[in-house]
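Residues per chain are reported as follows:
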Amino acid sequence: MNELEYTSLTPAATATRPLLGLTILVVEDSRFACDAMRLLCLRSGARIRRADCLRSARRHLQVYRPSVAIIDLGLPDGSGAELIKELAGSEPRIHSLLAISGDDTKKDLSLEAGADGFLSKPLSSLANFQTAVLHSLPEDMRPSGLRSITDEEVDPDPLAYRDDMAHASEMLSDDADLMRLDYAAQFLRGVAKSARDEPLREAAQLLAKATATGTTVHSHQAKLAGLVRQRLSEQAAI
């Protein structure tokens with residue numbers, strides 16, 4: 001199939017579904033954040049593929065080439081900036097590389113790695129999501145004509161949040177080493193920001209600082225683990 005034939009088979013974007021015809025690879029370890037992304041893609045007309053770590057993303061990329069890759073910067077097997085740098089230097093290059101994080105201080109890191117844009121968690125606004133993706137695409141890939149602007153917000157599945165809490169609870173076990181605790185803190189900081197759970201985000205931030213400075217982590221670990229257990233109990237009662 002040549003380029004002209006492929007283009008003729010690609011569905012054209014519409015005013016209400018401006019990302020129709022695009023395939024978006026989302027590399028995200030949080031099920032809650034990933035469900036938000038799924039809903040945003042669905043409402044926008046884009047197809048979504050998902051990976052929860054660098055290894056899984058690289059397996060996906062051996063099989064197909066997405067139009068857009070949205071890559072979380074904190075992943076269980078490394079930094080998403082590594083993957084962004086790889087993809088930014090690859091040929092042919094993916095049309096749009098976007099970084100996403102609950103830590104806004106990592107924006108410069110992602111842009112230096114080669115990202116075309118940065119998304120800050122929580123990401124729930126349909127209009128903001130569509131605008132960020134469209135602006136990151138080459139000009140000749142952006143749909144012509146007017147786009148319908150909506151104030152719609154997506155609401156991820158609470159069960160996905162519970163799944164994240166259960167995963168975090170396992171990582172915060174008493175025998176966890178510093179590396180595991182650091183990842184758990186980063187993971188929970190992003191999840192909490194996506195869920196707008198400020199007490200949980202603050203506790204995760206304190207644990208992250210403790211692991212980074214090498215100070216005593218036990219009290220911060222215990223407090224964060226207690227909050228996670230509380231969230232699990234609250235979800236079970238719903």
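The notes below deal with the structure included here.

Scoring rules and cut-offs
- Residues numbered from 1 in each chain as written.
- Predicted model: local features only at pLDDT ≥ 70, side-chain atom pairs only at ≥ 80, totals over all residues.
- Heavy atoms only, no water.
- Helix = DSSP H or I, 4+ residues; strand = E, 2+ residues; numbered from the N terminus.
- Rg over C-alpha atoms; globule rule 2.2 N^0.38 Å.
- Buried < 20%, exposed > 50% of the residue type's maximum accessible area, 1.4 Å probe, protein only.
- Contact = heavy atoms within 4.5 Å.
- Areas by Shrake-Rupley, 256 points an atom, 1.4 Å probe, with all protein chains shown as cover.
- Lys, Arg positive; Asp, Glu negative; His and termini not counted.
- Charge placed at Lys NZ, Arg CZ, Asp CG, Glu CD.
- Axes fitted to C-alpha atoms, helices over the stretch in contact; angles between N-to-C directions.
- Parallel < 35°, antiparallel > 145°, perpendicular 65-115°, else oblique.
- Nonpolar A, V, L, I, M, F, W, Y, C, P; charged D, E, K, R; others polar.
- Pairing = 2+ DSSP bridges.
- Arc of directions from axis to C-beta.
- Polar contact = N/O pair within 3.5 Å; in protein donor to acceptor, adjacent residues only side chain to side chain.
- Disulfide = S-S within 2.5 Å.
- Left-handed = near helix turned anticlockwise from the far one by under 90°.

With that out of the way, let us pick up the overall build of the protein chain. Secondary structure assignment for the protein chain yields ten helices and seven strands. Its C-alpha radius of gyration of 19 Å places the protein chain within 12% of the 18 Å reference for a compact globule of 238 residues. On the principal axes, the C-alpha backbone points of the protein chain span a range of 60 × 40 × 30 Å. Here the protein chain, with 238 residues, has 47% of them falling under the buried criterion. Relative to all contacts within the protein chain whose residues are 6 or more apart in sequence, the contacts with residues 24 or more apart total 66%. By element, 51% of the accessible surface of the protein chain is carried by carbon and sulfur atoms, the whole surface being about 12300 Å². Here the protein chain carries 28 positive and 34 negative side-chain charges, and the mean point of each set is 1 Å from the other.

Between helix H2 (residues 31-44) and helix H7 (residues 158-171), the shortest axis-to-axis distance is 7 Å and the interhelical angle comes to 155°. In terms of orientation, H2 and H7 fall into the roughly antiparallel class. For the pair formed by H2 and H7, the contact residues are Arg31, Phe32 and Asp35 on the first element and Ala160, Tyr161, Asp163 and Asp164 on the second. Residues that form the contact of H2 with H7 fall into these classes: three nonpolar, no polar and four charged.

Here we come to the sheet that holds strand E2 (residues 47-51). Spatial ordering of the open sheet is given by E2-E1-E3-E6-E7, a layout of five strands whose pairing is parallel. Since the sheet does not close on itself, it has two edges, and those belong to E2 and strand E7 (117-120), each with one partner. With direction set aside, neighbouring strand axes in the sheet form an average angle of 20°. With four bridges connecting them, strand E1 (residues 23-27) and strand E3 (residues 68-72) associate as parallel partners. Opposite valine 26, over in E3, you have isoleucine 70 as the bridge partner.

Further remarks concern helix H4 (residues 80-88). Looking only at H4, the buried set comprises Gly80, Ala81, Leu83, Ile84 and Leu87. Looking straight down H4, one finds its buried side chains confined to an arc of 160°; they lie on one side. Sitting at the head of H4, serine 79 places a side-chain oxygen 3.1 Å from the backbone nitrogen of alanine 81.

It is worth spelling out the state of the cysteines at this point. This model, assessed by the stated rule, comprises zero disulfides. Unpaired in this structure, cysteine 34 has its nearest cysteine sulfur neighbour in cysteine 41, at a distance of 8.9 Å. Taking relative accessible area as the criterion, cysteine 34 reaches 7% and is therefore assigned buried. For cysteine 41, a relative accessible area of 0% gives the class buried.

This brings us to the packing of helix H8 (residues 178-194) against helix H9 (residues 198-213). Two elements in contact, H8 and H9, have axes separated by 8 Å at closest approach and are oriented at 150°. One way to sum up the angle between H8 and H9 is to call them roughly antiparallel. For the pair H8 and H9, the crossing hand works out as left-handed. Within the contact between the two elements, H8 uses Leu178, Leu181, Asp182, Ala185, Gln186, Leu188, Arg189, Ala192 and Lys193 and H9 uses Leu200, Arg201, Ala204, Gln205, Leu207, Ala208 and Thr211. Classifying every residue of the contact of H8 with H9 by side-chain character gives nine nonpolar, three polar and four charged.

Functional significance is not addressed by these values, which are geometric in nature.
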